[in-house]
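Okay, here's what each chain looks like letter by letter:
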Amino acid sequence: MAGAVSAGGDGWSSRTAFVLAAIGSAVGLGNLVRFPAEAGANGGGAFVIFYIFCVLLIGLPILLSETVIGRHGQASAVESMKKVAIESRASTWWSLTAGVGMCGALLVLAYYSVLAGWIVHYIGVFAGDFFSAVGAGAPARGALHGYSVDEVQAILPALHANSTEMIVMHAIFMVLTIIAVGRGVSSGIEKVAVWLMPTFFFLLIGITIYGAFTGSFGAALSFLFDFEPARLLDPAVQLSALGQALFSLSLGSALMITYGAYAARDINLAKTSVQIATADTSVAIIAGLAIFPITFSVLAPASLNAILDGQEQVQGGLGLLFVNLPVAFQTMPAGSLIGLLFFIMVFFAALTSAVALLEASVSWAIGRFKQPRWLVTLLLGGLAFLIGAWASFSFNSLADFHPFDFMIFSGQPVFGILDELTAKILLPTSALLMSIFVGWIADRRLIESENGLDGNLHRVWLFLVRWLCPLVITAILLTGLFPGILEQG
Ligand code: PHE
């Protein structure tokens, strides 16, 4: 076995397992729900181009930095950072960077699981529909037979109005996550990734090909890649793209440090980081090329043109997946089956990410409190469940409760605040501190011996981590959070 031995004596059983688990953590609701929703809300092309820029020049260098720290530390994220800080004769306070990320990950898990609960609900709706289609001898018919368009559009609001059901679905998803994490790294987390990720890729490619043939593929291409250059300079678009890139690559959340700690010494971390970032970014773009052609196919030509001209926004946000897509599946050949497969695919991606979100704090708590993995997993998963359950009332009784009515939080209920706070503040801050630590504070030889780079590539990486990442993240954070700065300047 090539596995590394972590604090708990457990680790990945092979390089493939590490790569699949890391990709499994990166590919999730971020790619399938958040990316299309953010691209839609921020005008498509400009967002996508800036996003790709952020992945290449900021995400990738930080991804390598985090896995380097983890593998050197061979312990939880906080402990690994502490160890590297001590070996570099720096203050152990730097480990707080990982602490911030770890708290961020637990908060993401709280609302992530609520959202994943909606996916479980939709799997139920589509499974019922598909089996009744099979019973009626018409397995290839459109989805949600017998529903009017209004009724399809009412599925999500009806779920939102039913807080008991929302919480039960959230609980089901959280229990599955707890079981996978509770079983440990090689027999739980790794198994989930090794089984689910290949199936996920197979389904994604199939559904994209289906969308290309049956939907408005050309319109989706121009929506995702045409842009007005002026929008590239819009601080709100930049902050959304940066936040999305970090969120999607699971950065600034202590996770890649944690997973890096379970990686064997002979794994080339630079190569692995490139593979993870490429897979994650391809999935986001491919998911856009699956979701937009299908949803655009039912729009009237006038509204589609208005969207492509930038006159109108793609309506929906989260509704894109939960409202527009089911409406489209209704009119599409074999929509019933494809709809069911689509939501199963999203569920697989969500589970491998939720497992990662929980493991980030579980690995720390096991070492800190010397308690069994099961107990720690249950307690931390339970805590995230409670926060998520509270946030789920944002869709009904607490919809008008806006505890922080300022800045990017204005008008947001708890659910939205958790999302904005983590993706646009906590993860970028943790990623910023990480790049300063690796670029300026950590012992140079220690980093060089771990990162798998030599010659010019190493110099380029060091330049990005030392200069570009801290400067760009700081600038984007400031202008995105305080747009007034630009007007006064
Ligand atoms: N990257 C995951 C997604 O895109 C979310 C995530 C963030 C997972 C941070 C782990 C850590 O859905």
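Below is a summary of the structure that appears in this document. (Residues numbered from 1 in each chain as written. Predicted model: local features only at pLDDT ≥ 70, side-chain atom pairs only at ≥ 80, totals over all residues. Heavy atoms only, no water.)

The subject of this paragraph is the site of the ligand. Neighbouring residues of the ligand: 13 residues in total, closest Ala26, Gly30, Tyr112, Phe247 and Ser250. Here a nitrogen atom of the ligand and a backbone polar atom of serine 248 are 3.1 Å apart. Its free accessible area being 320 Å², the ligand has 100% of it covered by the protein chains. Looking at the shell around the ligand, the elements that each hand over two or more residues are helix 1 (15-26), helix 2 (29-41), helix 11 (235-248) and helix 16 (335-369). A total of 3 residues in the shell around the ligand trace back to one element, the largest contributor, which is helix 2. (Near = heavy atom within 4 Å. Polar contact = N/O pair within 3.5 Å; in protein donor to acceptor, adjacent residues only side chain to side chain. Areas by Shrake-Rupley, 256 points an atom, 1.4 Å probe, with all protein chains shown as cover. Helix = DSSP H or I, 4+ residues; strand = E, 2+ residues; numbered from the N terminus.)

For the rest of this paragraph, the subject is the side chain of asparagine 31. In this fold, asparagine 31 is placed in helix 2. When its relative accessible area of 0% is taken as the criterion, asparagine 31 is described as buried. A polar contact of 3.5 Å, which involves the side chain of asparagine 31, links it to the side chain of serine 248. Polar side-chain contacts of asparagine 31 include one of 2.9 Å to the side chain of aspartate 280. Leave out the neighbours within four places in its chain, and asparagine 31 touches Ala26, Pro36, Ser248, Asp280, Val283, Ala284 and Ala287. (Buried < 20%, exposed > 50% of the residue type's maximum accessible area, 1.4 Å probe, protein only. Contact = heavy atoms within 4.5 Å.)

With that settled, consider a nonpolar patch on the surface. On the surface, Val168, Ile172, Val175, Leu176, Ile179 and Trp374 cluster together into a nonpolar patch covering about 510 Å² of accessible area. Top contributing element to the nonpolar patch by residue count: helix 8 (residues 163-182), with 5 residues. A relative accessible area of 44% means that tryptophan 374 is categorised as partly exposed. (Patch = residues over 30% accessible without salt bridge, like charges linked within 9 Å, V, L, I, M, F, W, Y side chains within 5 Å. Salt bridge = Lys/Arg side-chain N within 4 Å of Asp/Glu carboxyl O.)

All told, the structure shown has 8 salt bridges when counted by the stated rule. A salt bridge links glutamate 450 to arginine 265; the nearest nitrogen and oxygen atoms lie 2.3 Å apart. With glutamate 450 in helix 19 (residues 444-450) and arginine 265 in the loop between helix 12 (255-261) and helix 13 (269-296), this pair connects stretches of sequence that are 185 residues apart. Given a relative accessible area of 52%, arginine 265 falls into the exposed group.

Attention now goes to the packing of aromatic side chains. Taken as a whole and assessed by the stated rule, the structure comprises 30 aromatic pairs. Here the aromatic rings of phenylalanine 342 and phenylalanine 343 are separated by 5.4 Å at their centres, their planes lie at 85°, and the arrangement is edge-to-face. You can call phenylalanine 342 buried: its relative accessible area is 2%. The interplanar angle of 50° and the centroid separation of 6.1 Å between the aromatic rings of phenylalanine 404 and phenylalanine 409 together place this pair among those described as tilted. Taking the ring centre of phenylalanine 247 as reference, the NZ or CZ of arginine 34 above it sits at 5.2 Å. (Phe/Tyr/Trp six-rings, centres within 6.5 Å; stacked < 30°, edge-to-face > 60°. Lys NZ or Arg CZ within 6 Å of the ring centre and 35° of its normal.)

In an α-helix, one turn spans 3.6 residues, which is why side chains three or four residues apart end up on the same side. In a regular helix each residue adds 1.5 Å, so 14 residues correspond to 20 Å; helix 11 covers 19 Å between its end C-alpha atoms and thus fits that length. When you tally the buried positions in helix 11, you get 13 out of 14 residues, the bulk of the element. For helix 11, the side-chain oxygen to backbone nitrogen distance between the N-cap and alanine 236 is 2.9 Å, and the N-cap itself is aspartate 234. (Expected span 1.5 Å × (residues − 1).)

For the rest of this paragraph, the subject is the environment of valine 274. Following the sequence through the fold, valine 274 ends up in helix 13. Considering only alpha carbons, one finds valine 274 and proline 61, 213 residues apart in sequence, at a separation of 9.5 Å.

Position of arginine 71 relative to the elements: it lies in helix 3 (residues 45-73). The spatial distance from the C-alpha of arginine 71 to the C-alpha of isoleucine 257 is 7.4 Å, given a sequence separation of 186 residues. Every residue in contact with arginine 71, bar those within four places of it in the chain, is listed here: Gly260, Ala261, Ala263, Ala264, Arg265, Ile267, Leu269 and Glu450.

Moving on to helix 5 (residues 96-135). Compared with the 58 Å implied by 1.5 Å per residue over 40 residues, the 57 Å span of helix 5 between its first and last C-alpha is a close match. Within helix 5, 30 of the 40 residues are buried, leaving the element largely enclosed by the surrounding structure.

It is worth spelling out the packing of helix 2 against helix 3 at this point. One can describe the packing of helix 2 onto helix 3 by two numbers: an axis separation of 7 Å at closest approach and a directional angle of 130°. Judged by the angle between their axes, helix 2 and helix 3 are oblique. Contacts between helix 2 and helix 3 involve Phe35, Glu38 and Ala39 from the former and Phe47, Val48 and Tyr51 from the latter. Among the residues making up the contact of helix 2 with helix 3, the classes are represented as 5 nonpolar, no polar and 1 charged. (Axes fitted to C-alpha atoms, helices over the stretch in contact; angles between N-to-C directions. Parallel < 35°, antiparallel > 145°, perpendicular 65-115°, else oblique. Nonpolar A, V, L, I, M, F, W, Y, C, P; charged D, E, K, R; others polar.)

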